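Architecture and fold: a report
Residues per chain are reported as follows:
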Amino acid sequence: MSSTQFGKSTGFRRVGTPNLFPRVAGAISIFLAFAPLELAGQAPAGLPGAAPPQFVVVLDAAHGGNDTGGHSVNWAEKNFALALSVRLRSLLEARGMDVVTTREQDVTLEAEQRDEIANHANAQACLSLHASLSGNGVHLFVSSLQPAEAARLVRWKTAQATAITRSLGLAGVLNSALRQAGLNVTLGRAALPVVDSMTCPAVALEVAPDANSGQTATDSLSDAGYQAKVAEAVAAALVEWRSEGLSGGSHKGAREP
Amino acid sequence: MIPRYQTVLFFVLLAASVIMGAVLWQLRDRAEQRRLQAQASTPTRAPQVAPAVQATLLVANDADDSMAERILSLPLPPSAGARARAILGKLLDLYAAPGAAHPVQGGASAITQVFLMPVSAGEAAVAGPRGKTSAGANEAKNGPEMAVVNLTGAFAASHPSGIETESLTVLSICATLHANLPQVTEVRFLVDGQERETLAGHADLTRTYLTSEAEPAVVGAQP
Ligand SMILES: [Zn+2]
């Protein structure tokens, strides 16, 4: 049976005039307008004597409130995502990173609220945290938008196009770290409205059960040891990403996953 | 001594029951013949209007987020829309089978219709008032076409939630359509005839998918 890695070739892009956006909210005008957005990672290099540039990570715990995400009788994706966000935040802060989270509680957030938080943080890495009872290990997704040249004016709905190359680099670093931790990893491209509007290097990280654990899907995802393993590997990846990015001066040309 | 009128009545009733018995017997015979005739005209196999043709399915696998080509011989109806529905039905039957690598409940009955229409008409129909989508859409013409896949609400409601699993369902449908009907370049999804935001919380069903970009980089075949 011939099998091909889907993510390498199968990015779908938006065509035509996008109509309804999942999680439609009031601020539709924002989508249609050209919003000037400062591109992450393009701040001028530090002046002599200035404080070292701060490394900012945005953690977006997906779903929340009315939006449960995936769920079973005794498991909900929104709770898993929030727990992972809390766990990661303390690991990253312990490593000297600035962490901005989109939610700290079980609240409903629209896509554009998440993106406003993320894009104002001027972050070097943005992670959209999901979980699924299907699959095995950790699924990494980069936006399926085609790369675009950085411009002064960026269309809100496709802002991620200017960061795709760096997002692929971030996905590559995450892939290595998660594999090193003994986890199964898949890489793919997907059209994800929240990620598509982020200006930072962004990856959607979906935690699936560990098929090798011999546990049921729900038990595997509820296993604190498994959650800790994933979080530690992600933290290690971001440490690596920081060293690559800040010591190298630029994330341009970062390795592909 | 039995009165004469009683004897006459007895014979009249006897004759009546014999006649009724005969009529019933005949009716039973006729019913039996009708049943046999009906049985003879009921196809025991799928009608092979057209000879079995090769269909290419791109079958998703959750374990490695991949799609593998699988070639099957299927009796397919001549109309392009019906053929598309039959092929996608087979794909969803594989997903509903026990032990599937991409388990999704529903099977072939999860696809209500597949409409085909010229790309420009498709854009207008989907963006415009509902109902236009089916107008004169089933005949394949030259030029690129948009397929509108109408799924059942039950299928969407029971679909597992997750970026990977939902994307694989959407993309394997797109890739399978393109593999068998190369003129299909764009795909849109409806659920119970209506536009829906996502399949099960993740895969965006409000957008148009381009089939050309669903083709695996390396195409191999497994008969
Ligand atoms: Zn999710």
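Here goes a summary of the coordinates provided. (Residues numbered from 1 in each chain as written. Chains lettered and ligands numbered in written order. Predicted model: local features only at pLDDT ≥ 70, side-chain atom pairs only at ≥ 80, totals over all residues. Heavy atoms only, no water.)

**A short note on the overall build of chain A**
Across its full length, chain A holds seven helices and 11 strands. Here chain A holds 257 residues, and 54% of them are scored as buried. Contacts spanning at least 24 positions in sequence make up 81% of the contacts within chain A whose residues lie at least 6 apart. Accessible surface for chain A amounts to roughly 10,800 Å². Of this, 53% is attributable to carbon and sulfur atoms. (Helix = DSSP H or I, 4+ residues; strand = E, 2+ residues; numbered from the N terminus. Buried < 20%, exposed > 50% of the residue type's maximum accessible area, 1.4 Å probe, protein only. Contact = heavy atoms within 4.5 Å. Areas by Shrake-Rupley, 256 points an atom, 1.4 Å probe, with all protein chains shown as cover.)

**Regarding the nonpolar core**
Residues L174, L178 and L238 of chain A are the most contacted members of the largest nonpolar core, which totals 44 residues. Of all elements in the fold, only strand 3 (56-61), helix 2 (77-94), strand 7 (125-131), strand 8 (138-143), helix 4 (164-180), strand 10 (185-190), strand 11 (202-207) and helix 7 (224-248) of chain A reach the threshold of two or more residues within this core. Ranked by residue count, the leading element in this core is helix 7 of chain A, at nine residues. Apart from the residues within four sequence positions on either side, L178 of chain A is in contact with V138, L140, L183, V185, V230, A233 and V234 of chain A. Core analysis: the next-biggest nonpolar cluster, separate from the first, contains 43 residues, A147, A156, L177 and L199 of chain B among them. (Core = buried A, V, L, I, M, F, W, Y, C linked by side-chain atoms within 4.5 Å.)

**Quick look at the coordination of the zinc ion**
Coordination of the zinc ion by the protein comes from H63 of chain A (NE2), E77 of chain A (OE), H130 of chain A (ND1) and H202 of chain B (NE2), over a distance range of 1.9 to 2.1 Å. Coordination at the zinc ion comes from four donor atoms whose angles at the metal span 103 to 126°, giving a geometry best classed as tetrahedral. Taken as a pair, H63 of chain A in the loop between strand 3 and strand 4 (71-72) and H130 of chain A in strand 7 lie far apart in primary sequence, 67 residues in all. Overall, H63 of chain A belongs to the buried group, its relative accessible area being 3%. (Donors = N, O, S within 2.8 Å, 3.2 Å for Na, K, Ca; no water. Tetrahedral: all angles 85-135°; square planar, octahedral: opposite > 155°, others 65-115°.)

**Thoughts on the pattern of salt bridges**
Taken as a whole and assessed by the stated rule, the structure comprises six salt bridges over all chains. One salt bridge in this structure joins D60 of chain A and R114 of chain A, with 2.7 Å as the shortest N-O distance. Taken together, the residues span a long stretch of sequence, with D60 of chain A in strand 3 and R114 of chain A in helix 3 (residues 111-121) at a distance of 54 residues. Each member of the pair, D60 of chain A as well as R114 of chain A, is classed as buried. Taking the shortest distance from any N to any O, the salt bridge between R28 of chain B and D29 of chain B comes out at 3.6 Å. The exposure class of R28 of chain B is partly exposed, given its relative accessible area of 48%. By relative accessible area, which is 37% here, D29 of chain B ends up partly exposed. (Salt bridge = Lys/Arg side-chain N within 4 Å of Asp/Glu carboxyl O.)

**What to know about the sheet that holds strand 5 (residues 184-191) of chain B**
Residues and elements named next belong to chain B. Spatial ordering of the open sheet is given by 3-4-5-6, a layout of four strands whose pairing is mixed. Looking at which strands have only one partner, the edges of the open sheet turn out to be strand 3 (111-118) and strand 6 (209-210). Direction of pairing for strand 5 relative to strand 6: antiparallel, over a ladder of two bridges. Along strand 6, the bridge assignment pairs V187 with Y209. Packing of helix 2 (residues 80-96) onto the sheet brings it into contact with strand 3 and strand 4 (145-151), and relative to strand 3 it is tilted by some 135°. Strands strand 4, strand 5 and strand 6 of the sheet are contacted by helix 5 (residues 163-180), whose axis makes an angle of about 135° with strand 5. (Pairing = 2+ DSSP bridges. Axes fitted to C-alpha atoms, helices over the stretch in contact; angles between N-to-C directions.)

**So, the packing of aromatic side chains**
Tallying each qualifying case throughout the model produces three aromatic pairs over all chains. Both rings, one in W75 of chain A and one in F80 of chain A, keep their centres 6.2 Å apart while their planes meet at 55°; by these two values the pair is tilted. An identical accessibility class is assigned to W75 of chain A and F80 of chain A; each is buried. Where F189 of chain B meets Y209 of chain B, the ring centres are 6.0 Å apart and the plane angle is 80°; that geometry is what we call edge-to-face. You can see F189 of chain B sitting in strand 5 and its partner Y209 of chain B sitting in strand 6, a full 20 residues away along the chain. Of the two residues, F189 of chain B and Y209 of chain B, both sit in the buried class. The ring of F55 of chain A carries the charged tip of R242 of chain A above its face, separated from the ring centre by 6.0 Å. The cationic tip of R207 of chain B hangs over the ring face of Y209 of chain B; the distance from NZ or CZ to the ring centre is 4.3 Å. (Phe/Tyr/Trp six-rings, centres within 6.5 Å; stacked < 30°, edge-to-face > 60°. Lys NZ or Arg CZ within 6 Å of the ring centre and 35° of its normal.)

**A closer look at the state of the cysteines**
Residues and elements named next belong to chain A. This structure, assessed with the given rule, holds one disulfide over all chains. The residue that forms a disulfide with C126 is C200, at a sulfur-sulfur distance of 2.0 Å. Every disulfide takes its handedness from the sign of the S-S torsion; for C126 and C200 that torsion is -115°, giving left-handed. Highlighted residues: C126 in strand 7 and C200 in the loop between helix 5 (193-196) and strand 11, separated in sequence by 74 residues. Look at C126 and you get buried, because its relative accessible area is 0%. (Disulfide = S-S within 2.5 Å.)

**Examining the sheet that holds strand 6 (residues 98-101) of chain A**
Residues and elements named next belong to chain A. Across the sheet, which stays open at both edges, the six strands sit in the order 6-3-7-11-8-10 with mixed pairing between neighbours. Strands with a single pairing partner mark the edges of an open sheet, and in this sheet they are strand 6 and strand 10. The sheet shows a mean angle of 25° between the axes of neighbouring strands, direction not considered. Where helix 2 meets the sheet, it contacts strand 3, strand 6, strand 7 and strand 11, and its direction lies at approximately 165° from that of strand 3. Of the strands in this sheet, strand 7, strand 8, strand 10 and strand 11 are in contact with helix 4, which crosses strand 8 at around 170°.

**Remarks on helix 4 of chain A**
Residue and element names in this part refer to chain A. The terminal C-alpha atoms of helix 4, which comprises 17 residues, lie 24 Å apart, in line with the 24 Å expected from a rise of 1.5 Å per residue. The buried count for helix 4 comes to 13 of 17 residues, which makes it a mostly enclosed element. Positive phi shows up at G182, right after helix 4, with a value of about 85°. (Expected span 1.5 Å × (residues − 1).)

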